[in-house]
Every structure is written in structure tokens, then in C-alpha cells.
Amino acid sequence: MNDAGSLQVQDLLFRFPEQTPLLKVSSLQVASGHSLGIRGVSGAGKTTLFHCLAGITPPTAGHIVWGSTDLCALKADALGRWRHQHLGLIFQDFHLVDGLSALDNVLLPAYFDSWRPAEPLRERARELLAAVGIASLDRMAAVLSRGERQRVAFARALLMRPAIVMADEPTASLDPEQRAQVGDLLVTLTRAQGATLIVISHEQELLARMDRCLTLQAGQLQARQQL
Amino acid sequence: MMHGFNPFPVVRADLRRNRLLAWVTVLLVAISVATGIAVISQERALRQGSARAADDFDVLVGAPGSATQLVLTSVYLRPQAIPLLDGDLLAKASTAAGVKYAAPIAFGDNWQGHSIIGTIADFASRGGALAPTQGRIFQKRGEAVVGAGVGLAIGATFSPAHGLHHAQDDEEEHADPAHSAVHYTVVGRLPARHNIWDMAILVPVEDVWRVHGLSLGHDATDVEHIGPPWNPKYLPGVPAIAIKPDSVAGAYRLRGQFRTSRSVALFPAEVLNDLYVTLGNVRDLMSLLVITTQVLVVAAVLMALLVGFLARRRQFAVLRAIGASRIYVFSVVWIEVVLLITGGAAIGALLGWASSTALSYWMQSQIGFEMPVHLGAAEGVLVGGLILAGAMIGTLPAWLVFRRPIAEGLVSG
């Protein structure tokens, strides 16, 4: 288990100036290598929580500690480095770079700190693509199907062997057939790597596969299911 | 630990995906640069070409009148009716102190559009400095030396036609028996001078006078003699005299000596300088237009790029969300702008040079002297300045992307 994957949230508060809090989490712990599902209706604060936990949006108050790193104490560039080293992100709309091939999309994080990714990393990218069932490595992202695009996004998120994987509605843009398949891949690959997994989703089947599931209501987390 | 980074995969992908915007940007910059380079290089080429064409005329003497007209008619062989100098002035110039040679420039006839210039052998050989590439300089009446661009072989014979232009009607051309009775034989070809004189035919001036029924400048007993010494009593009027002085001081002295009520004397370079001042003013105006165009183009390009980058703000937010540093994203945006402007400037430089060369080629046939095109410091400043401006302007969208909060970009449409 990687300690960088353990999460402790304390007195987290997020609100816009002069407005009522959008998010208020007094305490949340996730053990390293465990998975957490979060659900909630639209406007409940899911995306804000997701962005706070990923170090994208700084909270108004409180602490978000991954391993021994308090994200609230880091500046923008340090947060970027932390995400690069420890976090794999998956979005509902995949957010691949259309003008790059499937392989180069997976390798993209490697270009953030090297001119040319080392061969072991390139080999890992090929293995990950094989694992998610993408055979044509040189196909442009723009011509891939939605299911294929999300699978490439999974591979990209896992390339740097992150201790944490966070996914925001990873199956919401897919048709019902692909949802189960892609959900399987997400859980299987993350567990195989021993990474902590946090998933925001409406999909019952996917949430049922998490170690724990919480519901976000009006910005506050409530226990829903303990496995 | 960071070991550098590589923004080029993203830059390449962006340019590929937005190729229309990229090409329009490159094209706009290229046209702007090409226009600037063409204007600057053409003005310079015209100046250098015209100056080179005047090299053979140190001091030019003509009848009182327009100095510009005298230069255009004599140096550039632009056909215009100019008053004649009294013939005795030719004899006077030929024997004046400090004169290497004083050559009459007598025109009025042509062969198939090629001006036939009556002069002396010393002018044809530029005082011995210009050796024929074929044959020799004329030595007696009825002989001709042709310029490099005249399509007459050594040994060929021809008759002159009256007028400065080739008559369209052959009958008209041969209607004058005085002209058709004269035959010239080509005895030499001059090397290329890259000016209108390459298209001219030089003959003894006495032959031109004879064709036109004038006295021949020599005693009646000496009808076969060509060139100086002249007998002033028998010298007809001449349109112009080209004097080759033996020194710079001599040139100034001769110019003063022939500035009288009966004649004007000038250095063609002086007249050209006046023209260059006018040309310079035109160039300044054109330069202002070019700079204005470039400012507008750069502004349009900047606007287009800003719109393009705003449309891709989510992509840049995603890059930062998945771990790209702010400097990485800044580099992507900045490199894209610089590549587009540099590419446009490079293509524009090539395009400007090519169009200027083509224009010079066409102009050469119109104005009669070669206009050498080469890219100089001014064009370098133009291209370099634009690239520098692009590099600075590129920091603006890059800075906007750099500053933008990630979350704001992620939720943008």
C-alpha cells in the first residue's frame, strides 16, 4: 500500500464570498488502496468536492491531507507537481487531445517532465492500452468511439502509477453496454495497482463495487453504505 | 524531480486540429511581410539599377532645357524630342582640357525597334575599358557594333528605319530611300551592361548624319573619316554629348565650362539624386502603409488566436488538472503563436523576394535597365521585428491561459 493514497479531510468548507457554504465536510477518511463512491443530486456539490480533493480548487477553510501532504498548504505549481506524481484523473467527457494518437494521449503526462518518455514508460503505455482493449495505438483520439476514448483516458490516468485515482462520472457519457465494461476496467485496473479510488457517479452498479459509498446532500456528506 | 518538458506533442496536435486557423494566420502574416519586402526591395533595386545604368555617363552636355529629360533621353534612351546642341560645341568639348573623349549621342533611327545611336568608337569601347565579346569596335563608315541583346550576328547587314520605334508597317519603314540606301554591317558585339544599351546598335555618327542629309563634321575631302578631330564648320547639331573626363576635378571643371547660355552640363547622378529624394518620399509613404498593414494584420492575428485559445480553454485546464505545470501550458500557447508568425514571416520573405524578382524582370523590359533584387538589412529588420513582435504578443494569450483558474476552465463549454 502506498501511504500517499490515504486521505484525511478535516473541517472542509467551501463557499463563494458572501454566500452560504456550497460544501461542508467535517471529517472524511479513506484508507490507502480503498475505494470510495460519492453520489448526489445535481447541485449537491459533487464537482466542487471532486475539485477540492484533487487540489484543483482551494477550499475556503479546512484541511485535505493526502498521505502527509496538506493540499491546502501548497501553491499552484506545487499542487500541479503533486497531481502529476500522485493523482490520476478521469473525466466524464474524457478530455483527450484530439490531435494526438491513442498512444501519445496515454503518454501525455510523461511529456510534462521529460522531452521523450523513457522506454519503460512507453512500454507501460502500450501495456495499459492493451489492458483496456485498444489495439490501434496510432489511431487519432478524434476517431475513437466514446467507449474507446474513455478507456484511453483510463490508461492515461494510470500511466504514472498514481497512488490515487479520481473519476468524475466516468461512465455517464457511455451507452449501457459499455458502462459495465468500462466500470469493470476502472475498478480492476485501480485495484491491481493498489491505488485509492474515488468515484463520483450516479450509476448504482459502479457505486456498488466501491468499498464505501457516501451521499452528498446540500454540500454535506452522509454515510450511505459501509462494506 | 523535473527533467525539462516537451510541449511540442500538444503544439503539433493543436496546429493539426486547428489547421484552418493556422493556415489563415500564416497566410495573413506572409502576405503582409511579402508586401513590405517587395516595396522595400523594389525601391532599392530601382535606385541601384538606375544608378548603374548612368555609370557610363560622367558629364552630360545638352541644349538648355529639362535636365531630367536630357538624362532620360540620353542615358535611358527614352524617346523624346529634345533641342539640339550647336555642333561647334562638340568640337569644343573634344579638344577641351581634361577630356578623355567627348562623344556625340545622336539618335533618330532604329532597326526592328533597336535604337541606332550615332557616336564615336571611343564611346562604344568606353575609352578602351569595354572590350567586345565578339568582333571589334567599328573602324569605318557603314560598320556597326551591337549591344548584347541585339539579335544580329557578326557579318549581318541591315538598313535603318527612321524613327525611334519599330514601324508596324514594313512599307512605311522602307518608304524613305535615304534610309534604305544605307547598309550597316555588324562587326562587333558588346558585353552585357544590364541596361537599355544592351538593346542598342552603335554606328559612326557620320552615318546617322548622312542618312538625315546633314553635313558630316569633316572637310568635304575627308568623307571617309570617322570621329574626331571635327571641323566645327561642318558639324551639325547633336542631341547630347557624353564627356569622359580624366579626373574628378576635371569633371567639375567641365561641368562648369559647359554651363552656358547655349548648353547645360550635368552629372546624371545629380539628376538621379533628385529622383531618389522623390522615390525616398514615396518609399516612406509606402513604408508607413506597410507598417500600418502589419499592425492591422498582427492585431487580426492576435484576435483570431485569442478566440482560438479561448475556445480551447478547457483543454488547457485539463492539461493542468492532469499535472502539467503552468509554464508547460504557457509554453504550448506561446510556441504556437511564435511558430505561426515565424512561419508566416519566413514564407512572406520568400514570397516577397520571388514577387520582387518577377516584378523586376518585368520592369526591366519596361524601363530598360536591370533592377537587381536582393534582400538587405531593411527586410531583415521587417521580418525580425515581426517575429519579435509575435514573440511578445504571444505572451498575452499565454499569460491569460497561465493565469486562468483550472476549475473555471474545466467547467467552461
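Thresholds applied
Residue positions are given per chain, counting from 1 as you read along its sequence in written order. Each chain is given a letter, starting from A, and each ligand a number, starting from 1, according to the order in which they appear as written. Residue-level local features of this predicted model are given only where pLDDT is at least 70; pairs of side-chain atoms are given and counted only at 80 or more, and the full residue set underlies all totals for whole chains, interfaces and linings. Axis lines are fitted through C-alpha atoms, for helices just across the contact stretch, and the angle between N-to-C directions can take any value from 0 to 180 degrees. Numbering of helices and strands runs from the N terminus; a helix is a DSSP stretch of H or I covering at least four residues, while a strand is a stretch of E covering at least two. Roughly parallel means an angle under 35 degrees; roughly antiparallel, over 145; roughly perpendicular, 65 to 115; everything else is oblique. Distance between backbone-placed C-beta atoms decides contact: two residues are in contact if it is within 7 Å. In this count, Pro and Cys sit with the nonpolar residues alongside Ala, Val, Leu, Ile, Met, Phe, Trp and Tyr, while Asp, Glu, Lys and Arg are called charged and the others, Gly among them, polar. Every helix has an expected span of 1.5 Å times one less than the residues it contains. In this scheme the burial state of a residue depends on its C-beta neighbours within 10 Å: 20 or more other such atoms mean buried, 12 or fewer mean exposed, and anything in between means partly exposed; the C-beta positions come from the backbone. Two strands qualify as a pair provided DSSP detects at least 2 bridges between them. Any set of buried Ala, Val, Leu, Ile, Met, Phe, Trp, Tyr and Cys residues joined through C-beta atoms within 7 Å is what this text calls a nonpolar core. By definition, pLDDT measures how confident the predictor is in each residue, and it falls between 0 and 100. These domain limits were set by an automatic method or by a database of domain assignments.

Participant: Help me understand the packing of helix 5 (residues 146-158) of chain A against helix 6 (residues 176-193) of chain A in this model?
Facilitator: Geometry of a packed helix pair, given as the angle between the helix axes and the separation of the axes. Residues and elements named next belong to chain A. Orientation of helix 5 relative to helix 6, taken along the N-to-C sense of each, is 10°, at an axis distance of 11 Å. Taken together, the axes of helix 5 and helix 6 are roughly parallel relative to one another. The segment helix 5 lies against helix 6, with Gly-147, Gln-150, Arg-151, Phe-154 and Leu-158 engaging Gln-178, Val-182, Leu-185, Leu-186, Leu-189 and Gln-193. Grouping the amino acids of the contact of helix 5 with helix 6 by side-chain chemistry returns six nonpolar, four polar and one charged.

Participant: What's the story with helix 5 of chain A in this structure? I'm lost.
Facilitator: One turn of the α-helix equals 3.6 residues, which is why residues spaced by three or four share an orientation. Residues and elements named next belong to chain A. Taking 1.5 Å of rise per residue, 13 residues should cover 18 Å, and helix 5 covers 19 Å from first to last C-alpha, within 8% of that figure. For helix 5, the tally of buried residues reaches 12 of 13 residues, placing the bulk of the element in the interior. Residues of helix 5 that are buried include every one of Gly-147, Glu-148, Arg-149, Gln-150, Arg-151, Val-152, Ala-153, Phe-154, Ala-155, Arg-156, Ala-157 and Leu-158, and no others. Buried residues along helix 5 sit in contact with strand 6 (87-90), helix 3 (102-111), helix 4 (119-131), strand 7 (164-168) and helix 6.

Participant: Sorry, what's going on with the sheet that holds strand 5 (residues 69-70) of chain A here?
Facilitator: Sheets are built from strands that pair by backbone hydrogen bonding, the pairs being arranged parallel or antiparallel. All names here are of chain A. Strand order across the open sheet formed by four strands is 2-1-4-5, with antiparallel pairing between neighbours. Every other strand in the sheet has two partners, leaving strand 2 (23-30) and strand 5 as the edge strands with one partner each. The pairing of strand 1 (residues 7-14) with strand 2 spans seven bridges and is classified as antiparallel. Considered in strand 2, the bridge of Val-9 is made with Leu-28.

Participant: What's the story with the interface of chain A and chain B in this structure? I'm lost.
Facilitator: It is common to give the size of an interface as the accessible area lost on bringing the parts into contact. Chain A puts 22 residues into the contact, and the matching count from chain B is 24 residues. Elements that contribute at least two residues to the side of chain A that touches chain B include exactly helix 2 (76-86) and helix 3 of chain A. Among the elements that line the side of chain A that touches chain B, the one with the most residues is helix 2 of chain A, at five residues. Split into classes, the residues belonging to the side of chain A that touches chain B amount to nine nonpolar, seven polar and six charged.

Participant: What's the story with the environment of Phe-309 of chain B in this structure? I'm lost.
Facilitator: Residues and elements named next belong to chain B. Within the fold, Phe-309 resides in helix 10 (residues 268-311). Taking the C-beta count within 10 Å as the criterion, Phe-309 has 22 such neighbours and is therefore assigned buried. Taking the C-alpha atoms as reference points, Phe-309 and Ala-398, separated by 89 residues in sequence, lie 8.8 Å from one another. Residues in contact with Phe-309, not counting those within four places in the same chain, are Val-333, Pro-397 and Val-401.

Participant: How should I be thinking about helix 11 (residues 313-321) of chain B in this particular structure?
Facilitator: In terms of burial, helix 11 of chain B is a largely internal element, seven of the nine residues being buried. Taken together, the buried positions of helix 11 of chain B are Gln-315, Phe-316, Ala-317, Val-318, Leu-319, Arg-320 and Ala-321 of chain B.

Participant: Whenever I open this one, the pairing of strand 4 (residues 61-66) of chain A confuses me. Can you help?
Facilitator: Each regular strand carries side chains that alternate between the two faces of the sheet. Residues and elements named next belong to chain A. In this sheet, strand 4 lies alongside strand 1 in antiparallel orientation, the contact comprising five bridges. Note on strand 4: the bridge partner recorded for Leu-7 is Trp-66. Direction of pairing for strand 4 relative to strand 5: antiparallel, over a ladder of two bridges. Looking at the pairing, Trp-66 lines up with Thr-69 of strand 5. Between the end of strand 4 and the start of strand 5, which pair antiparallel, lie two residues, with Gly-67 showing a positive phi angle near 60°.

Participant: I tried to follow the nonpolar core on my own but got confused; where do I start?
Facilitator: Soluble globular proteins tend to pack their nonpolar side chains together in the buried interior. Counting 119 residues, the largest nonpolar core has Val-106, Ala-155 and Met-166 of chain A together with Val-33 of chain B as its most contacted members. Broken down by element, this core gets its largest block of residues, 12 residues, from helix 12 (residues 326-367) of chain B. Val-33 of chain B has contacts with Gly-344, Ala-345, Gly-348, Ala-349, Gly-352, Leu-382, Val-383 and Leu-386 of chain B, leaving out every residue within four places of it along the chain. Membership of the second largest hydrophobic core comes to 62 residues, among which are Ala-54, Leu-60, Ala-103 and Trp-197 of chain B.

Participant: Got a minute to help me understand the confidence of the model for chain B in this structure?
Facilitator: A low pLDDT means the predicted coordinates there should not be read in detail. On average, residues of chain B carry a pLDDT of 84, and 92% of them reach 70 or more. Note on residues 166-174 of chain B: pLDDT under 50 across the span, and eight contacts to partners over four residues away in sequence or across chains.

Participant: Sorry if this is basic, but what is going on with the domain arrangement of chain B here?
Facilitator: Partitioning chain B into structural domains gives domain 1 (8-51 + 274-411) and domain 2 (59-266). Averaged C-alpha coordinates put domain 1 of chain B and domain 2 of chain B at centres separated by 52 Å.

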